[in-house]
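# Architecture and fold: a report
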Amino acid sequence: MLFKSIQISMFMLLLLFFIYMAMNTTKNTTMNIFLQKSSKRKMLGYLPKSSGRSNEQGNTEFAAWWDEQKKLKKNIKEVCHKYGEQANVKIKPGCFLYIAKANILNCFTSKAGSSAVKRILYEVATGHPHEGDKLRMDELQRFTLKKDSNKRMLNSSTISFTLVRHPFERLVSAFQHKMIDQKSPIEMKPFKEYFQEITFPNFVKHILLDQRKRCRTLSTCSFNRHWLPYITSCSLCNFDYTAVGRLETMQQDLLFIGQMAGTELQKNVSTNPSSGGSTSQLATEYFSQVERGDVIKLYQLYKIDFDMLGYSADDYINMAKN
């Protein structure tokens with residue numbers, strides 16, 4: 001009986017020791033961030049220690065970032081529900097890059113950090129940086145999502161993301177880059193159907209006039225991809241992205257998205273330069289030249305994007321010409 005009691009006591013001591021060790025290991029491990037996507041719990045990633053930043057600090061920053069992501073995605077769902085069939089836009093496979101090596105799926109939107117992200121994903125996929133100034137789409141063709149891809153499966157099993165920015169700043173960036181700096185024939189030809197003088201007010205009028213021909217509904221909108229609405233290009237109501245990053249916070253967004261995928265995305269982040277200085281300053285200058293009625297019509301065209309992503313057009317409407 002005494003021997004049996006000693007055995008039980010030793011067993012209990014060993015059990016307590018292993019429990020203590022397990023708790024201590026769990027406390028100090030870096031793999032301590034669990035995320036929930038849809039109705040199923042999945043561990044999507046972890047926060048490794050990085051130089052100059054404690055694990056606790058990194059976890060706190062990630063938790064705050066993820067809370068903001070949850071709020072943003074909740075708002076997107078509510079706005080999608082509000083607009084109903086109007087927001088039901090089919091997924092466009094050609095706008096997606098799938099990097100199987102890192103299990104990353106990205107929907108790129110022109111003039112919202114797409115060039116920077118393409119260069120980063122190219123390096124992740126190939127193991128070496130892209131040589132040259134411009135990364136052509138044909139160099140990324142093998143990573144483009146195929147039409148017969150199982151989008152539902154990829155939606156639930158990948159680290160998927162897209163980047164956005166203020167819709168009006170995006171238009172200013174597109175105008176400055178394509179109409180002023182490059183004078184690209186692809187963009188200039190339809191513009192010249194309406195106007196000869198290249199000004200931002202005329203560019204806005206061009207989009208509004210072109211809407212009648214190419215963008216009567218969001219699901220059939222065939223605008224130039226540099227000013228195609230987000231809802232149309234990346235089907236935000238039909239695809240549950242793991243994260244929706246912003247150009248305004250791209251460095252941090254890519255840091256955490258990369259950590260969720262177990263790779264590094266935020267290094268050497270740089271966007272395409274354009275003339276005229278800061279895009280936000282240019283936006284103030286350009287929109288102050290546009291008639292208020294046209295700014296309001298432009299806002300109505302991109303209203304779902306504004307509503308979904310939490311941007312405001314008030315400052316631009318107020319600064320417009322009476």
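Residues numbered from 1 in each chain as written. Predicted model: local features only at pLDDT ≥ 70, side-chain atom pairs only at ≥ 80, totals over all residues. Heavy atoms only, no water.

A separate point is the packing of helix 6 (residues 167-181) against helix 8 (residues 200-214). Contact geometry for helix 6 and helix 8: axes closest at 11 Å, N-to-C directions at 110 degrees. As summarised for this structure, helix 6 and helix 8 are arranged roughly perpendicular, according to the angle between their axes. On helix 8, the residues that touch Leu171, Val172, Phe175 and Met179 of helix 6 are Phe200, Phe203 and Ile207. When grouped by side-chain class, the residues that make up the contact of helix 6 with helix 8 number 7 nonpolar, no polar and no charged. (Axes fitted to C-alpha atoms, helices over the stretch in contact; angles between N-to-C directions. Helix = DSSP H or I, 4+ residues; strand = E, 2+ residues; numbered from the N terminus. Parallel < 35°, antiparallel > 145°, perpendicular 65-115°, else oblique. Contact = heavy atoms within 4.5 Å. Nonpolar A, V, L, I, M, F, W, Y, C, P; charged D, E, K, R; others polar.)

Here we take up the side chain of Lys178. Take Lys178: it is sitting in helix 6. One buried charge, Lys178, has no salt-bridge partner; the nearest side chain with opposite charge is Glu187, at 4.9 Å. The contacts of Lys178, once residues within four sequence positions are left out, are Lys183, Ser184, Glu187 and His226. (Buried < 20%, exposed > 50% of the residue type's maximum accessible area, 1.4 Å probe, protein only. Lys, Arg positive; Asp, Glu negative; His and termini not counted. Salt bridge = Lys/Arg side-chain N within 4 Å of Asp/Glu carboxyl O.)

Turning next to the nonpolar core. In terms of nonpolar packing, the biggest core is built from 61 residues, with Phe168 and Leu309 touching the most fellow members. The element contributing the most residues to this core is helix 6, with 6 residues. Discounting chain neighbours no more than four positions away, the residues touching Leu309 are Leu72, Asn75, Ile76, Val164, Tyr230, Leu236, Val244 and Arg246. Of all hydrophobic cores here, the second largest spans 30 residues; its members include Ala116, Tyr122, Phe161 and Ile257. (Core = buried A, V, L, I, M, F, W, Y, C linked by side-chain atoms within 4.5 Å.)

To continue, consider helix 12 (residues 292-301). Turning to helix 12, its buried residues number three or more, namely Asp294, Val295, Leu298, Tyr299 and Leu301. Seen end-on, helix 12 carries its buried residues on one side only, within an arc spanning 155 degrees. Of the surrounding elements, those touching the buried residues of helix 12 are helix 6, helix 8, helix 11 (279-287), helix 13 (303-309) and helix 14 (314-319). (Arc of directions from axis to C-beta.)

The next subject is the sheet that holds strand 6 (residues 243-246). With respect to topology, 4 strands assemble into an open sheet ordered 3-4-5-6, the strand pairing being mixed. Looking along the sheet, the strands with just one partner apiece sit at the ends: strand 3 (96-99) and strand 6. This sheet shows a mean twist of 25 degrees between the axes of neighbouring strands, independent of strand direction. When strand 4 (residues 104-107) meets strand 5 (residues 159-164), the two strands line up parallel, connected through 4 bridges. Looking at the pairing, Leu105 lines up with Ser160 of strand 5. (Pairing = 2+ DSSP bridges.)

The quantities given are spatial measurements derived from coordinates; they are silent on function.
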